[in-house]
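Remarks on the overall topology
So you can see what is in the structure, the chains are spelled out below.
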Amino acid sequence: MTQVLKNNFEKSFYNLILVLLLSSSGAWAQDIALPPDTTVVTNHTTTLKGVKISYTATTGTQPVWDENGKAVASLFYTYYKRSNAGTMADRPLLISFNGGPGSASVWMHVAYTGPKVLNIDEEGYPQQPYGVHENPNSVLDVADIVFVNPVNTGYSRPIRDEAKAAEPGKLKAMKEAERKRFFGINADIKYLADWINSFVARHNRWLSPKYLIGDSYGGTRVSGLALELQEKQWMYLNGVILVSPADYNYFNSDPAISSALNLPYFTAAAWHHKALPQELQQKDLLDILPESENYALDHLMPALARGGSLSMDEKKKVAEKMSYYSGLSVKSIMQNNLDVPTQFFWKDLLREKTGQTIGRLDSRYLGLDKSEAGDGPDYSAELTSWLHSFTPAINYYIREELKFKTDIKYNMFGPVRPWDERNNNTRDDLRKAMAENPYLNLLFQSGFYDGATTYFNAKYTMWQLDQSGKLQDRMSFKGYRSGHMMYLRKEDLKSANEDLREFIKRTRAHGKPAKILMLWKCR
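Below: a short report on this structure. On a predicted model such as this, the values are computed, not experimentally measured, just so you know.

Glancing now at the overall build of the protein. Counting its secondary structure elements, the protein contains 18 helices and 14 strands. Viewed in the frame of its principal axes, the protein has a C-alpha envelope of about 110 × 60 × 50 Å. Put simply, the protein has 523 residues, and 54% of those count as buried. Intrachain contacts of the protein at a sequence separation of at least 6 include 71% that bridge at least 24 residues. If you sum the accessible surface of the protein, you get close to 23,900 Å²; carbon and sulfur atoms cover 52% of it. Averaged over its 63 positive side-chain charges, the protein has a centre that lies 4 Å from the centre of its 58 negative ones.

This is the structure we're talking about:
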């Protein structure tokens, strides 16, 4: 071989190797992405109420379409459908959301209504080995269920034109457009209603009785969705279930209302930790809560409304009664001018007793701060405990049992802030939806030890939703001896699912015309 041929051969050989290396590098360096429209279907069996049933689990993504029919996001969902359960017209559909905003649809999925629940002890504390097991209390026997993850939660993501995003200044503009489209009370409701319409059509569920269930901020979400579905999608519901609902109207109200409504929760948490006077402590929780509720409404609320005009003697009398019902000292209550912040309560209740803090979302949980001094806990004792068990459980379950595998991170909490809270009319939207739809019923479910969205706040929301009283017979409230996720406690998992099961059975129309229902309701 001549030197020239040899050089040309070596040059060609090295060029070929370089091309192969670059090609290989490109193959391994692909951006992580999910197809915007894909499904994985698996078959399962379980036993509910003593009956063995078969069901399919459809896990996948479905696009969010813009007004021009272009996919602008892809939502991850899990849909459970019981096999051989009769016609779609006779089979209810439960559409489930968690809250945050920014939380994945994980908590109710693997701890409340779904066919599998995570491994925890009977009071809801994490257990190793992590994982899931059969949920004998699931409502899958009476309703099919779809768990929906809003944008940036779970595996749900916006869809971007990556070529345009690489152009100078384009990515920032795209993110701002996404924020306006997805991340706000009203934007969230609008695109999710469109998505639900597509899901119902794809899965032939138009004839099914439909229910929305929302946990925490999900309560705000489903309240707005009820009217949006009726007025913009012409989709009418049989029921809305608000689990530990977050009512922003309450959060943004005057302290005379918001602070007074906290007292019954203080009573419940103090009773659990044996911090009340013996006269109250020796009674059952459900016997003392009505006392605290009545005092909050009839005495504390008017006192807080009077503010600085309240005499010192009157203020001290109120502080003494608050101390009686809360376990806090009269001194600390007076120092807060009767307006005791919840974070102070979490820090102060056990300060002199054990030096521990109590949990925000579930005040049965205990925390250990660096210092006993201060006005609030260093961390949320309950949330860190829950993430111990929920994160490995949902990642294992989706990948190994539902067979949906991806390198995308499952966002337990996703980047959705700042969240646009303007023009929040969801409470009145829900009232209007009920007025327009005689079939629509409400169920409120709350834990007595929830210090974030308290059970008495849920009752107050229910009362204020319909001040006329004409819709009250279509609303019901159920309380449980647990916290924000009351279903984590084994006894409440059973009773809460049974309450939900009974609600679904009771609110199906069974052939009764809406006109007759309306006339009957008005009598």
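Here the narrative resumes, following the displayed structure.
Turning our eyes to something else, we now look at the pairing of strand E9 (residues 210–215). The buried count for E9 comes to six of six residues, which makes it a mostly enclosed element. Judged from the five bridges that link them, strand E4 (residues 93–97) and E9 form a sheet pairing that is parallel. In the strand pairing of E9, Phe-97 is matched with Gly-214. With five bridges joining them, E9 and strand E10 (residues 239–243) adopt parallel strand pairing. Counterpart to Gly-214 in the pairing with E10 is Leu-242. Where the polypeptide runs from E9 across helix H5 (residues 217–232) and back to E10, its parallel neighbour, the crossover connection is right-handed.

Okay, the environment of Tyr-217 next. Along the polypeptide, Tyr-217 turns up in helix H5. Since its relative accessible area comes to 1%, Tyr-217 is described here as buried. Placed 77 residues apart in sequence, Tyr-217 and Leu-140 show a C-alpha to C-alpha distance of 24 Å. Setting aside anything within four residues of it in sequence, one finds Tyr-217 in contact with Gly-99, Gly-100, Pro-101, Ile-185, Asp-188, Ala-246, Tyr-248 and Trp-419.

For the rest of this paragraph, the subject is the pairing of strand E2 (residues 51–65). Of all 15 residues that make up E2, eleven are buried, and the element is covered over most of its length. When strand E1 (residues 38–48) meets E2, the two strands line up antiparallel, connected through eleven bridges. In the strand pairing of E2, Val-41 is matched with Thr-58. Between the end of E1 and the start of E2, which pair antiparallel, lie two residues, with Lys-49 showing a positive phi angle near 55°. Where E2 lies against strand E3 (residues 71–82), eleven bridges are found, and the strand directions are antiparallel. Opposite Val-64, over in E3, you have Ala-73 as the bridge partner. Between the antiparallel neighbours E2 and E3 lie five residues, among them Gly-69 with a positive phi of about 80°.

Here the focus is unusual backbone geometry. Residue Gly-100 is joined to Pro-101 through a cis peptide bond whose omega torsion reads -5°. Between Gln-128 and Pro-129 the backbone carries a cis peptide bond, its omega angle lying at 5°. Structurally, Pro-129 can be placed in the loop between strand E5 (116–118) and strand E6 (132–134). With phi around 60°, Ser-216 is a residue other than glycine that occupies positive phi space. Positionally, Ser-216 belongs in the loop between E9 and H5. What makes Ser-216 buried here is its relative accessible area of 15%.

Turning next to helix H16 (residues 455–465). Across the eleven residues that make up H16, a large majority, nine, are buried. Taken together, the buried positions of H16 are Tyr-455, Phe-456, Asn-457, Ala-458, Lys-459, Tyr-460, Thr-461, Met-462 and Leu-465.

What follows covers the packing of aromatic side chains. Using the criterion set out here, one finds 30 aromatic pairs in the structure. Aromatic side chains Tyr-79 and Phe-199 sit 5.1 Å apart centroid to centroid with 85° between the ring planes, which places their arrangement in the edge-to-face category. Pair noted here: Tyr-79 is in strand E3 and Phe-199 is in helix H4 (residues 185–202), with a separation of 120 residues, a long-range link. For Tyr-79, a relative accessible area of 3% translates into the label buried. With a relative accessible area of 1%, Phe-199 lands in the buried category. Here the aromatic cluster, defined as three or more aromatic residues joined through ring pairs, consists of Phe-182, Phe-183, Tyr-191, Tyr-217, Tyr-248 and Trp-419.

Ranked by size, the top nonpolar core spans 94 residues in total, and within it Ile-196, Leu-212, Val-240 and Phe-345 carry the most contacts. Those residues within four positions of Phe-345 in sequence are excluded, and the remaining contacts are Tyr-265, Phe-266, Ala-269, Ala-270, Ser-326, Leu-328 and Ile-358. In terms of nonpolar packing, the next biggest core, distinct from the first, is built from 54 residues, Val-106, Leu-118, Ile-145 and Tyr-211 among them.

Here we take up the side chain of Asn-119. Within the fold, Asn-119 resides in the loop between E5 and E6. Owing to a relative accessible area of 19%, Asn-119 belongs among the buried residues under this scheme. Within the local environment of Asn-119, its side chain forms a polar contact with the backbone oxygen of Pro-129, the two atoms lying 3.2 Å apart. In terms of polar contacts, Asn-119 uses its side chain to reach the side chain of His-133, at 2.8 Å. Look past the residues within four positions of Asn-119 in its chain and what remains in contact with it is Gln-127, Pro-129, Tyr-130, Gly-131, Val-132, His-133 and Ser-389.

A few words now on the packing of H4 against H5. Their axes nearest at 9 Å, the elements H4 and H5 cross at an angle of 60°. Considering the angle they form, H4 stands oblique to H5. Handedness of the crossing formed by H4 with H5: right-handed. For the pair formed by H4 and H5, the contact residues are Ile-185, Asp-188, Ile-189, Lys-190, Leu-192, Ala-193 and Ile-196 on the first element and Tyr-217, Arg-221, Gly-224, Leu-225, Glu-228 and Leu-229 on the second. A per-class count over the contact of H4 with H5 returns eight nonpolar, one polar and four charged.

Definitions and cut-offs
- Residues numbered from 1 in each chain as written.
- Predicted model: local features only at pLDDT ≥ 70, side-chain atom pairs only at ≥ 80, totals over all residues.
- Heavy atoms only, no water.
- Helix = DSSP H or I, 4+ residues; strand = E, 2+ residues; numbered from the N terminus.
- Buried < 20%, exposed > 50% of the residue type's maximum accessible area, 1.4 Å probe, protein only.
- Contact = heavy atoms within 4.5 Å.
- Areas by Shrake-Rupley, 256 points an atom, 1.4 Å probe, with all protein chains shown as cover.
- Lys, Arg positive; Asp, Glu negative; His and termini not counted.
- Charge placed at Lys NZ, Arg CZ, Asp CG, Glu CD.
- Pairing = 2+ DSSP bridges.
- Right-handed = clockwise from strand over helix to strand, strands pointing away.
- Phe/Tyr/Trp six-rings, centres within 6.5 Å; stacked < 30°, edge-to-face > 60°.
- Core = buried A, V, L, I, M, F, W, Y, C linked by side-chain atoms within 4.5 Å.
- Polar contact = N/O pair within 3.5 Å; in protein donor to acceptor, adjacent residues only side chain to side chain.
- Axes fitted to C-alpha atoms, helices over the stretch in contact; angles between N-to-C directions.
- Parallel < 35°, antiparallel > 145°, perpendicular 65-115°, else oblique.
- Left-handed = near helix turned anticlockwise from the far one by under 90°.
- Nonpolar A, V, L, I, M, F, W, Y, C, P; charged D, E, K, R; others polar.

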